[in-house]
Amino acid sequence: METTKTPDMSRRQFLSTVGKLGGGAAVFSVMGTLGLLSPETLKAADFTPPDGNELAMTKRNGKKIVILGAGIAGMTAAYELGLAGFDCTILEARARSGGRIWSVRRGTTVAEIGAAKQVARFDDGLYLNAGPMRIPQFHVTMEYIRKFGIPIEPFNNVNDHAYYYNENVGELSGKKIRKREAKADVRGYVNELMAKAVNQNALDMPLTPEEKEKLVAYLRSEGGLDADLFYKGTSRGGYKDEPGARLDAGVIRDPFSMKAIINSGFGNYLSSEYGYDQQMMMFHPVGGMDAISSAFEKRLKGKIKFHSEVTEIKQSGSGVTVSYINLATGEAKQIEGEYCICTIPLSVLKQIKADFSPDMKKAIDSIGYASAGKIGLQFKRRFWEEDEQIYGGNTLTNMDISSIYYPPTGYMQKKGLLLGYYAFGTSADSLGKMTFQEREAHALKQGAKIHPQYHKEFEASFSVDWKKIKYNEGGWVSYSGDQRQTVYPTLCKPDRRVYLAGEHISYVTAWMAGGIESARAVVTDIHERVMKE
């Protein structure tokens, strides 16, 4: 059967029109979307750049870009610039790519700063995502997952069949309460108070009687109130006797008292699920988050120099020289490029010699990083599923461990690995000061208050304190309110020929998407700058 070149002709005509209207930068953007930026695809498509863009391709080809760090930002930059014809080299101090994308498996080792070496002894097939572990549906990360064909599965971020457990909160202290019970009672009592206040004109609101009637109807429905606007419990909170067959209608649980539910503090947890980036349905790669970094690395063969620890960044009028040590051989080396993209976390970058401007150096030195820590606990039996019917989601507590996340994969298998704590702030600092053996004992002791099966079923652990992880020294950037208006703009601008990228150069901090978005912004800036040279 004969083929036709009509689609290719249409594509060439379309790109020519884009070039005439928007110039080289517009063509670059559209070509990236269509996957036409590699020399091979350009040749296969028989594409001739419109009106002088042959020069644009010539300008990009051979331009050397030195990228510091093979995390998600560095690899995104190298991948996108490589498609556009730039010559990129990534220096990475570790023996692996990914940065904070780190899936800990059997045999993984780490020695935190000032601590002894820790070795993961998980069973084959079990892993801990020590850094990122979930991806919101709308994040740009999903674009690369689709593009690279990375298999994914749901990460159920919310599970109302899991627990709240708080201590020193009155009547409900030391009791594990199903989330659905607490949520039903919090909403019931709050809506009861609101409905009665509106109904009795106790609130000064510019509403007509009809509008107040509609508001009360909403509050009554939302809170599960009776006709007299009292909350007396509903099936939303579950049953003390489950409904069954034939005439067994079940018995709805009695609600906790208003005083007990207010003092419990459980209501303070509800807002954590309303965050823009904390919606219920999330995703993660099958087999570990490092599938993402591996997919990038596969497309950057020969571009990443591992074991390369940066020691100095020096600029001139025409380029950048980066000094580094090959940690495998101890040899001091240098690499030069027309431009440098630095994705090193600011907590580490501030310790590296560099001839940045005074304003840039001051900005880098002023930024702090968040405390964060995790521990993976392997159990010989998935008791949370077998005994308590919990499949994914998390349990929240005011103890040091803060939260327990149940594995969102491997359901019904014999063994399982849950996240024994995901701690932030002072809780993370407290746990971080412990040895990894002490963290294990602490996580088991506190976790056993919620799940008594812990001690009998426990097999192995691996913990991470991100402030003590070399080449990171913090979980993610932590800007104060005024820093976004004062020093942050300085970080977003190039310092002569050095551009910063990473989650810290975004408003999507702590997420992979922040690193990707920042890298793509720098890619565009460098492309446009080269076009003007």
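In this text, all values refer to a predicted model and were calculated from it rather than measured experimentally.

Thoughts on the overall build of the chain
In terms of regular secondary structure, the chain is built from 18 helices and 27 strands. Burial statistics for the chain: of 533 residues in total, 52% are counted as buried. A total accessible area of about 25100 Å² is found for the chain, and carbon and sulfur atoms account for 53% of it.

Comments concerning the pairing of strand 13 (residues 281-285)
A large share of strand 13 lies buried, amounting to 4 of its 5 residues. Taken together, the 2 bridges between strand 7 (residues 135-136) and strand 13 define a ladder with antiparallel strand orientation. Note on strand 13: the bridge partner recorded for Pro136 is Met282. Relative to strand 13, strand 8 (residues 152-156) runs antiparallel, the two being bridged by 5 bridges. Looking at strand 13, one finds that Ile152 is bridged to Pro285.

Regarding the packing of helix 4 (residues 72-83) against helix 10 (residues 290-298)
Their axes nearest at 10 Å, the elements helix 4 and helix 10 cross at an angle of 30°. Between helix 4 and helix 10, the angle falls in the class roughly parallel. Of the two possible hands of crossing, helix 4 and helix 10 adopt the one that is left-handed. Side by side, helix 4 and helix 10 meet where Ile72, Met75, Thr76 and Tyr79 of the first sit next to Ile292, Ser293, Phe296 and Glu297 of the second. Across the contact of helix 4 with helix 10, the residue classes tally to 5 nonpolar, 2 polar and 1 charged.

Focus on a positive patch on the surface
Together, Lys147, Lys298, Arg299 and Lys301 line one region of the surface with positive charge. Along the chain, Lys301 turns up in the loop between helix 10 and strand 14 (304-305).

Thoughts on the packing of aromatic side chains
Across all of its chains, the model carries 25 aromatic pairs by this definition. Relative to Phe296, the ring of Tyr79 has its centre 6.1 Å away and its plane inclined at 90°; by these criteria the two rings are edge-to-face. With Tyr79 in helix 4 and Phe296 in helix 10, this pair connects stretches of sequence that are 217 residues apart. Each member of the pair Tyr79 and Phe296 is classed as buried. Here a set of aromatic residues connected by ring pairs shows up, and it is made of Phe379, Phe383, Trp384, Tyr454 and Phe458. Cation over ring: Arg484 sits above Tyr488, and NZ or CZ is 4.4 Å from the ring centre. Sitting over the face of the ring of Tyr507, Arg484 holds its NZ or CZ atom 3.9 Å from the ring centroid.

A short note on the side chain of Lys374
With respect to the helices and strands, the residue Lys374 is situated in strand 21 (residues 372-379). Buried and unpaired, Lys374 has no salt bridge, with Asp465 as the nearest side chain of opposite charge at 13 Å. There is a polar contact of 2.6 Å between the side chain of Lys374 and the backbone oxygen of Gly131. With sequence-adjacent residues up to four places away left out, Lys374 is seen in contact with Asn129, Ala130, Gly131, Met133, Leu419, Tyr421, Tyr422, Phe462, Ser463 and Val464.

Some remarks on the confidence of the model for the chain
Here the chain averages 91 in pLDDT, and 89% of its residues register 70 or above. Taken as a whole, residues 18-27 scores under 50 in pLDDT and shows 14 contacts with residues more than four places along the chain or in a different chain. Across residues 38-53, where pLDDT falls below 50, the model places 25 contacts with residues more than four positions away in sequence or in other chains.

What to know about a nonpolar patch on the surface
Where nonpolar side chains cluster on the molecular surface, the patch consists of Val190, Met194 and Leu203 and spans about 230 Å² of accessible area. Mapping Val190 onto the fold places it in helix 6 (residues 179-199).

Description of the packing of helix 4 against helix 18 (residues 512-532)
Relative orientation of the contacting elements helix 4 and helix 18 amounts to 35°, with a least axis distance of 8 Å. Pair helix 4 / helix 18 crosses with right-handed handedness. Between helix 4 and helix 18, the contacting residues are Ile72, Ala73, Thr76, Ala77, Glu80 and Leu81 on the first element and Met512, Gly515, Ile516, Ser518, Ala519, Arg520 and Val523 on the second. When grouped by side-chain class, the residues that make up the contact of helix 4 with helix 18 number 8 nonpolar, 3 polar and 2 charged.

Rules behind the numbers
Residues numbered from 1 in each chain as written. Predicted model: local features only at pLDDT ≥ 70, side-chain atom pairs only at ≥ 80, totals over all residues. Heavy atoms only, no water. Helix = DSSP H or I, 4+ residues; strand = E, 2+ residues; numbered from the N terminus. Buried < 20%, exposed > 50% of the residue type's maximum accessible area, 1.4 Å probe, protein only. Areas by Shrake-Rupley, 256 points an atom, 1.4 Å probe, with all protein chains shown as cover. Pairing = 2+ DSSP bridges. Axes fitted to C-alpha atoms, helices over the stretch in contact; angles between N-to-C directions. Parallel < 35°, antiparallel > 145°, perpendicular 65-115°, else oblique. Left-handed = near helix turned anticlockwise from the far one by under 90°. Contact = heavy atoms within 4.5 Å. Nonpolar A, V, L, I, M, F, W, Y, C, P; charged D, E, K, R; others polar. Patch = residues over 30% accessible without salt bridge, like charges linked within 9 Å, V, L, I, M, F, W, Y side chains within 5 Å. Salt bridge = Lys/Arg side-chain N within 4 Å of Asp/Glu carboxyl O. Lys, Arg positive; Asp, Glu negative; His and termini not counted. Charge placed at Lys NZ, Arg CZ, Asp CG, Glu CD. Phe/Tyr/Trp six-rings, centres within 6.5 Å; stacked < 30°, edge-to-face > 60°. Lys NZ or Arg CZ within 6 Å of the ring centre and 35° of its normal. Polar contact = N/O pair within 3.5 Å; in protein donor to acceptor, adjacent residues only side chain to side chain. pLDDT = per-residue confidence, 0-100.

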